[in-house]
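What follows is the residue order along each chain.
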Amino acid sequence: MLKPTTGLPQPATGLKCLGTLNDVSTCDICQKEKPQRHALIGLLQPIPIPSQPFEVVSMDFIPELPLSNGFNNILVIVDKLTKYTIFIPTTTTIIEVRTTELFFHNIISKFGIP
């Protein structure tokens, strides 16, 4: 239930919400007029470039693939410097210990500790 602050219709900035506390969460104007409570936004900082290959890696899974040779999941490990990618077949039931073993056997044993 919105009413203009004066007798004449005005743009949305001149409207006030006269709803209850429950209506505030669904009121479009109330949501747009909320005060900002976060700290001032600073300048963006660049991400540091790794100095050697496999110093920084990222890992992700490609799940729910069709079953092939008993595997239905792929562990993808990417080196951030060279973009060298390693694809390791796994299953969707893999646990943390097995993921660590795969990382050790495929990355640390070949390239050293990141």
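Residues numbered from 1 in each chain as written. Predicted model: local features only at pLDDT ≥ 70, side-chain atom pairs only at ≥ 80, totals over all residues. Heavy atoms only, no water.

**A closer look at the overall build of the chain**
Working step 1: Looking only at helices and strands, one finds three helices and five strands in the chain.
Working step 2: N-terminal to C-terminal, the α/β element order of the chain is β-β-α-α-β-β-β-α.
Working step 3: Here the chain holds 114 residues, and the buried ones make up 18% of them.
Working step 4: Total accessible area on the chain is roughly 9300 Å²; 62% of this is exposed by carbon and sulfur atoms. (Helix = DSSP H or I, 4+ residues; strand = E, 2+ residues; numbered from the N terminus. Buried < 20%, exposed > 50% of the residue type's maximum accessible area, 1.4 Å probe, protein only. Areas by Shrake-Rupley, 256 points an atom, 1.4 Å probe, with all protein chains shown as cover.)

**A closer look at unusual backbone geometry**
Working step 1: For Phe54, which is not glycine, the phi torsion reads 60 degrees and is therefore positive.
Working step 2: By secondary structure assignment, the location of Phe54 is in the loop between helix H2 (28-32) and strand S3 (57-62).
Working step 3: For Phe54, a relative accessible area of 4% corresponds to the buried category.

**Notes on the side chain of Asn72**
Working step 1: Inspection of the secondary structure assignment puts Asn72 in the loop between S3 and strand S4 (73-79).
Working step 2: Other than its neighbours up to four places away in sequence, Asn72 contacts Ile62, Pro63, Glu64, Leu65, Pro66, Leu67, Thr90, Thr91 and Thr92. (Contact = heavy atoms within 4.5 Å.)

**Points about the environment of Met59**
Working step 1: In this fold, Met59 is placed in strand S3.
Working step 2: Taking the relative accessible area as the measure of exposure, Met59 reaches 42% and is therefore partly exposed.
Working step 3: Taking the C-alpha atoms as reference points, Met59 and Val76, 17 residues apart in sequence, are found 5.6 Å from one another.
Working step 4: Apart from the residues lying within four places of it in its own chain, the contact partners of Met59 are Leu75, Val76, Ile77, Thr99 and Phe103.

**Things to note about the confidence of the model for the chain**
Working step 1: Within the chain, residue pLDDT values average 83, and 78% of them lie at 70 or more.
Working step 2: The low-confidence segment residues 8-13, where pLDDT is below 50, has four contacts with residues more than four positions distant or belonging to other chains. (pLDDT = per-residue confidence, 0-100.)

**A look at the nonpolar core**
Working step 1: In terms of nonpolar packing, the biggest core is built from nine residues, these being Phe54, Leu75, Ile77, Ile86, Ile88, Ile94, Leu102, Phe103 and Ile107.
Working step 2: For this core, the secondary structure elements donating two or more residues are S4, strand S5 (85-90) and helix H3 (96-111).
Working step 3: At three residues, H3 tops the list of elements feeding residues into this core.
Working step 4: With near-sequence residues (within four places) excluded, Ile77 lies in contact with Val57, Ser58, Met59, Tyr84, Thr85, Ile86, Ile88, Phe103 and Ile107. (Core = buried A, V, L, I, M, F, W, Y, C linked by side-chain atoms within 4.5 Å.)

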